[in-house]
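Coordinates in review
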Amino acid sequence: MTAARRRRRAWLPPLLVGVGLLLAWQVFVEVRHIKPYLLPAPSAIWHQIATNKGDILHAARVTGTNALVGLLAGTVAGAAGGALASRFRFIGELTTPVAVAVNAVPIIVLIPIFNNMFSTTSAIPRRLMVTIIVFFPIFMHTLRGLTEADATKEELMRSYAASEWTVLRKVRIPGALPFFFTGLKIASSLSVITAVVAEYFGGLQDGLGSHIVGAASNSAYGRAWAFVTASCLLGLVFYSLAVTGERIIVPWQHRHEGAR
Amino acid sequence: MTAEPAATPEGELPAVELLAVAKTFHAGRGGQVDALRDINLVIERGEFVSLIGPSGCGKSTLLRLIANLTDPTAGHIAVNGKSARQARLDQDYGMAFQQAGLFEWRTVAKNIELPLELRGWDRARRQARAEEMLKLVKLGDFAGHHPWELSGGMQQRVAIARALAFDPPLLLMDEPFGALDEMTREHMQAELNRICEETGSTAVFVTHSIPEAVFLSDRVVVLSARPGRIVTVVEVGLGARNDDTRESPEFFKKITEVREALRGSA
Amino acid sequence: MSSLAPAGEAAVAAPAGPQAAPAGPQAGGPRRLRRVVMFLVALVLLAALWEGYKWFGQAVHGRVVGWSLPARTDNGSMPHVWDILRRFGQPERRGSSQRIWATVAAGAWFTLRMAMAGFAAGVTVGLALAVVMQRFRVAERGLLPYVVLSQTVPLVALAPLVVGWGGNLTVFGLHWRLWMSVAVIASYLAFFPVAVGGLRGLQAPAPEAVELMDSYAASWRQTLLKLRFPAAVPYLVPALKLAAASSVVGALVAEISTGTRGGIGRLIIEYSREATSDPAKVYTAMIGAAVLGLVVAGVVGVLDLVMMRQRPQVHA
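For every chain, the first residue of the written sequence is number 1, and numbering continues from 1 along that sequence. Written order decides the labels, with chains lettered from A and ligands numbered from 1. This being a predicted model, a pLDDT of at least 70 is required before a residue's local features are given, and a value of 80 or more before pairs of side-chain atoms are given or counted; all residues contribute to the totals for chains, interfaces and linings. By convention in this description, side-chain values take in all heavy atoms of the structure and omit both hydrogens and water.

**A look at a nonpolar patch on the surface**
Residue and element names in this part refer to chain A.
- Here, patches come from residues exposed beyond 30% relative accessible area and free of salt bridges, joined within 9 Å for like charges and within 5 Å for nonpolar side chains (Val, Leu, Ile, Met, Phe, Trp, Tyr). For the accessible areas, the method is Shrake-Rupley and the probe is 1.4 Å, while residue cover comes only from the protein chains on display. Take a side-chain nitrogen of Lys or Arg and a carboxyl oxygen of Asp or Glu: if they are within 4 Å of each other, that pair is a salt bridge. On the surface, a nonpolar cluster with roughly 590 Å² of combined accessible area is contributed by Trp 11, Leu 12, Leu 15, Leu 16, Val 19 and Leu 23.
- Secondary structure elements follow DSSP: runs of H or I of four or more residues count as helices, runs of E of two or more count as strands, with numbering from the N terminus. By the secondary structure assignment, Leu 15 is in helix H1 (residues 3–31).
- Throughout, exposure labels follow a simple rule: accessible area from a 1.4 Å probe, protein chains only, divided by the maximum for the residue type, with under 20% read as buried, over 50% as exposed, and the rest as partly exposed. When its relative accessible area of 45% is taken as the criterion, Leu 15 is described as partly exposed.

**Some points on H1 of chain A**
- A helix is expected to reach a length of 1.5 Å times the quantity of its residues less one. An ideal rise of 1.5 Å per residue puts 42 Å on 29 residues; H1 of chain A measures up with 42 Å between its terminal C-alpha atoms.
- For H1 of chain A, the principal kink sits at Trp 11 of chain A and spans about 30°; a proline, Pro 13 of chain A, occurs within the next four residues.
- For H1 of chain A, the full list of buried residues reads Pro 13, Pro 14, Gly 18, Gln 26 and Val 29 of chain A.
- Contacts are assigned to residue pairs with any non-hydrogen atoms lying within 4.5 Å of each other. In this structure, the buried residues of H1 of chain A make contact with helix H2 (42–51) of chain A together with helix H4 (137–150) of chain C.
- Within two residues after H1 of chain A, His 33 of chain A carries a phi angle of roughly 50°, on the positive side. Bending is quantified residue by residue as the angle between axes fitted to the seven-residue window ending at that residue and the seven-residue window starting at it.

**Observations regarding the packing of helix H3 (residues 108–118) of chain B against helix H4 (residues 123–136) of chain B**
Residues and elements named next belong to chain B.
- In the contact formed by H3 and H4, the axes pass within 9 Å of each other and the chain directions differ by 120°. In terms of orientation, H3 and H4 fall into the oblique class. The hand of the H3/H4 crossing is right-handed. Taking contact as the criterion, the partners of Val 108, Ala 109, Lys 110, Ile 112, Glu 113, Leu 116 and Glu 117 in H3 are, on H4, Arg 126, Gln 127, Arg 129, Ala 130, Met 133 and Leu 134.
- By residue class, the composition of the contact of H3 with H4 is seven nonpolar, one polar and five charged. Lines fitted to the C-alpha atoms define the axes, with helices restricted to the stretch that makes contact. Angles between their N-to-C directions range from 0 to 180 degrees. Oblique is the label for every angle not falling under 35 degrees (roughly parallel), over 145 degrees (roughly antiparallel), or within 65 to 115 degrees (roughly perpendicular). For any helix crossing, the convention is left-handed if the near helix is rotated counterclockwise from the far helix by under a right angle, and right-handed if that rotation is clockwise. The nonpolar class holds Ala, Val, Leu, Ile, Met, Phe, Trp, Tyr, Cys and Pro. Asp, Glu, Lys and Arg form the charged class, and all remaining residues, Gly among them, are polar.

**Considering the packing of aromatic side chains**
All names here are of chain B.
- For this analysis, a ring pair means two rings from Phe, Tyr or Trp (six-membered ring only for Trp) whose centres lie within 6.5 Å, classed as stacked if their planes differ by under 30 degrees, edge-to-face if by over 60, and tilted for the remaining angles. Applying the stated criterion to the full structure yields nine aromatic pairs over all chains.
- With 5.1 Å between their ring centres and 35° between their planes, Phe 103 and Trp 105 make a pair best called tilted.
- Here the aromatic rings of Phe 215 and Phe 251 are separated by 6.5 Å at their centres, their planes lie at 85°, and the arrangement is edge-to-face. Residue Phe 215 is located in helix H7 (residues 210–216), and its partner Phe 251 is located in helix H8 (residues 249–265); the two are separated by 36 residues in the primary sequence.
- Judged by relative accessible area, which is 3%, Phe 215 ranks as buried.
- Relative accessible area serves as the criterion here: at 3%, Phe 251 is assigned to the buried category.

**Structural notes on the side chain of Thr 258 of chain C**
Residues and elements named next belong to chain C.
- The topology assignment puts Thr 258 in helix H8 (residues 220–258).
- Classification of Thr 258 by relative accessible area gives buried; the value is 14%.
- By the criterion applied in these results, polar contacts are pairs of N or O atoms within 3.5 Å in which, for protein atoms, one can donate a hydrogen and the other can accept it, and in which residues neighboring in sequence qualify only through two side-chain atoms. A polar contact is formed between the side chain of Thr 258 and the backbone oxygen of Glu 255, at a distance of 3.5 Å.
- The residues touching Thr 258, leaving out its near neighbours within four places in the chain, are Ala 159, Val 163, Leu 178, Val 182 and Ile 185.

**What to know about the packing of helix H3 (residues 100–135) of chain C against H4 of chain C**
All names here are of chain C.
- It is at 6 Å that the axes of H3 and H4 come closest, and there the two elements cross at 135°. As judged from the angle between their axes, H3 and H4 are oblique. Along its contact with H3, which presents Leu 129, Val 132, Met 133 and Arg 135, the element H4 presents Arg 137, Ala 139, Glu 140, Leu 143, Leu 144 and Val 147.

**Brief notes about the environment of Met 188 of chain B**
- Positionally, Met 188 of chain B belongs in helix H6 (residues 182–199).
- Spatially, the C-alpha atoms of Met 188 of chain B and Asp 92 of chain B are 24 Å apart, while their sequence positions differ by 96 residues.

**A short note on the sheet that holds strand S2 (residues 33–43) of chain B**
Residue and element names in this part refer to chain B.
- The four strands lie next to each other as S2-S1-S4-S5, forming an open sheet whose pairing is antiparallel. Of all strands in the sheet, those bounded by a partner on one side alone are S2 and strand S5 (82–83).
- Note on pairing: DSSP must find at least two bridges between two strands before they are called paired. Here strand S4 (residues 74–79) runs beside S5; their pairing, made up of two bridges, is antiparallel. Bridging across to S5, Val 79 finds its partner in Lys 82.
- In the packing of helix H1 (residues 59–66) onto the sheet, the strands contacted are strand S1 (16–25), S2 and S4, and the crossing angle to S1 comes to about 120°.

**Looking at a positive patch on the surface**
- For the purpose of charge, His is not counted, nor are the chain termini; Lys and Arg are scored as positive and Asp and Glu as negative. Where a charge lies is defined by one atom per residue type: Lys uses NZ, Arg uses CZ, Asp uses CG and Glu uses CD. Side chains of Arg 5, Arg 8 and Arg 9 of chain A together with Arg 29 of chain B sit close together on the surface and give a patch of like positive charge.
- Residue position: Arg 9 of chain A is located in helix H1.

**Focus on the sheet that holds strand S10 (residues 230–235) of chain B**
Residues and elements named next belong to chain B.
- Reading across the sheet, the six strands line up as S6-S7-S8-S3-S9-S10 and stay open at both edges, with mixed pairing between neighbours. The open sheet terminates on both sides in strands that have one partner only, identified here as strand S6 (93–96) and S10. For this sheet the average axis-to-axis angle between neighbouring strands, irrespective of direction, equals 15°.
- Where S6 and strand S7 (residues 170–174) come together, four bridges link them in parallel fashion.

**Side note on the interface of chain C and chain B**
- Contacts between the two partners involve 17 residues from chain C and, on the opposite side, 21 residues from chain B.
- The quantity reported as buried area is the accessible area (1.4 Å probe) lost by two parts once they are put together, taken as the sum for both. For the pair chain C and chain B, the summed buried area comes to about 1,900 Å², and 66% of that belongs to carbon and sulfur atoms.
- The interface formed by chain C and chain B contains two salt bridges.
- Lys 226 of chain C is the partner of Glu 117 of chain B in a salt bridge, and the nearest nitrogen-oxygen pair spans 2.6 Å.
- Across the chain C-chain B interface, the total number found is six residue pairs in polar contact (both at pLDDT 80 or more).
- The dominant element in the side of chain C that touches chain B, judged by the number of residues it contributes, is helix H7 (residues 207–215) of chain C, at six residues.
- Here the side of chain C that touches chain B is composed, by residue class, of ten nonpolar, three polar and four charged.

**A word on the pattern of salt bridges**
- The final tally for this structure, using the stated rule, is 22 salt bridges over all chains.
- A salt bridge links Arg 126 of chain B to Glu 113 of chain B; its shortest N-O distance comes to 3.0 Å. Of this pair, Arg 126 of chain B sits in helix H4 while Glu 113 of chain B sits in helix H3, and the two are 13 residues apart along the sequence.
- Residue classification places Arg 126 of chain B among the buried positions, given a relative accessible area of 13%.
- Here Arg 261 of chain C and Glu 270 of chain C are joined by a salt bridge, their closest N and O atoms 4.0 Å apart.
- We classify Arg 261 of chain C as exposed; its relative accessible area is 59%.
- Three or more residues are tied together by salt bridges with common partners; here these are Arg 106, Lys 110, Glu 113, Glu 117 and Arg 126 of chain B together with Lys 226 of chain C.

Following this line, the structure appears as structure tokens:
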């Protein structure tokens, strides 16, 4: 099959499904006269998006900044932590159970506590929350990437009498990059969702999450969904940035790509 | 539904018939591969036939055509007097691959029972047959073990037991001993020979190894490099096989014959 | 929102989104014991860090080299660890006889039940989706992007929707109750890892194994039951762990956004409002939620042991 045909096969079905869903949604709302508070029509949502463009962009910038700051901090901390843990087993043993626990525990509940600890006009609680939530996937994936040694490659480097630093640079870090980017992909979409949900617990009211809640409590559901759409798009933007980063930095075949 | 082949007088219906069979992959596009060309072959009941040839000559493809796991681009295939597809639906053959392909979540006995479950046999009958098969391949004590607890050779024996489980008239094997070491391999060859003598099945066997082909077969089909054609068919005619066969001068003569045919085909 | 990184040693890639990799049973008792000990050590260290920060903050009166410390360290904002622990044994309200730990436990139990209902629903939907997507390649191409996309919608947006619809529905003769909305929202988070991990698992069998089933002229259904489902188990177990944790998180957030009473999410919000007068209270509820999450993780961990008993170590 030609390359063009293969590409079309890839994006045509989702496109059709998406368009079909939107159409079905619109028709359903109109035919059944669904009240807007139950389910606004796509046309109404689109209208709200157009009307509130300025607010949406501003709110997206606020939430996006929170997410980005948290993502960067969490990534740096996670990568550093992962590197340390791969070097010193003790650290790994200490942090892994905590990571498991943090996974199990809904740490979003820390937000009210953070709001307490920091001043109410601070953006830090949200950024801190994002940092914490981003830290763990990055940490786990970096650790895995660095410790999953390819025995053959390591033996080869040993036969070259290479120093440990060289081995790190030439073998282990490139080997760990695919894992790191997998963690980054997970973390990027999480960062946005966390930033949005974190606004739900009070504090500053200028982000996407606050607007969603605000519009919903005023029963302006079309507007609420406009902001929801914006946060989905924001999440997608972050995710695609991570994917692009991966394509540029790790162009070779991804080892764990699910094979058919 | 199992269709035991209608009782026919010996030699009336060949087990496998291939007439002007050809196979092309990705026909008409860039990357077209002519795997097989103009294959004509008749395999009689009870015969053991090996397919041998250089890498990429299409011998595995030929086997899979007989098994109806892929379709020919041209020509006609008859298995047990029916179309290949019907033979597969009627379960007229048992197949063994290079990877034993046992299901790791099933015990050895349950692995052998798999085709029987699919044919709707009741539990008692299945268990009895699995036990019988395990004895046949000399693994009677391992019924409750899991595949990962067995060596490669033992796993292959289980795979062969599974292929024989419902007593098919035809055995198709694709380099089943390829992953084994030489000693185990020779042992397995002797076992397979014994089993085929006892059950009287027809067998089509793909291999890379000339001694293996000569030891096991009544006839050795030599294929050319891609696109695969039948270069020659060597009649082995060594009679009953035993430990001494491998060291007999006739054995070496036949090996040389096959080797020269292969060399000429490259 | 859990961080979606699966437990311990087996955190691995997927092209379309976060997934879990199969991890065989680890070496038994001593390793597990060591992990538990390490966990407790980590807890003690955290408590020490907490108190250390407090002490430091008090000592420098909240300022270091002219910069003010980000977190307030007075007892109102950061109660002492032992104050928090002591609060558990005290009554919930002035004049009430019920101790906080009882209230928190009751709330946790309530939330747990809703989370379990959501988990069951999510797993069912997730598995059904995985089977459909495995059967029809077109379905995988068309639906999988939306499955992944579904997780970018913040739960808080779904709550009014689900509650509103529910008001007009009758399921199996029962009128829709508020807790059902919470369960539905929890299932929204739970179905995703099961669908993605389940699909991966159903696609896992080697082509030779599928050919073997073909050679038996097995129907698609037989191949599904005898080959694909058993082969999918090492992929489903970590997915189920994730789904369980996600159900808890989903239930909590949904509780708050639907205004359901009786669960621990509600308690957290209520107590946080009293934070100025009773600073330790909100921490008790928060610890209750943490324990809930750990209990669920423990239960699923047992499930892992049971289901993977018969398998050799598998690495993706």
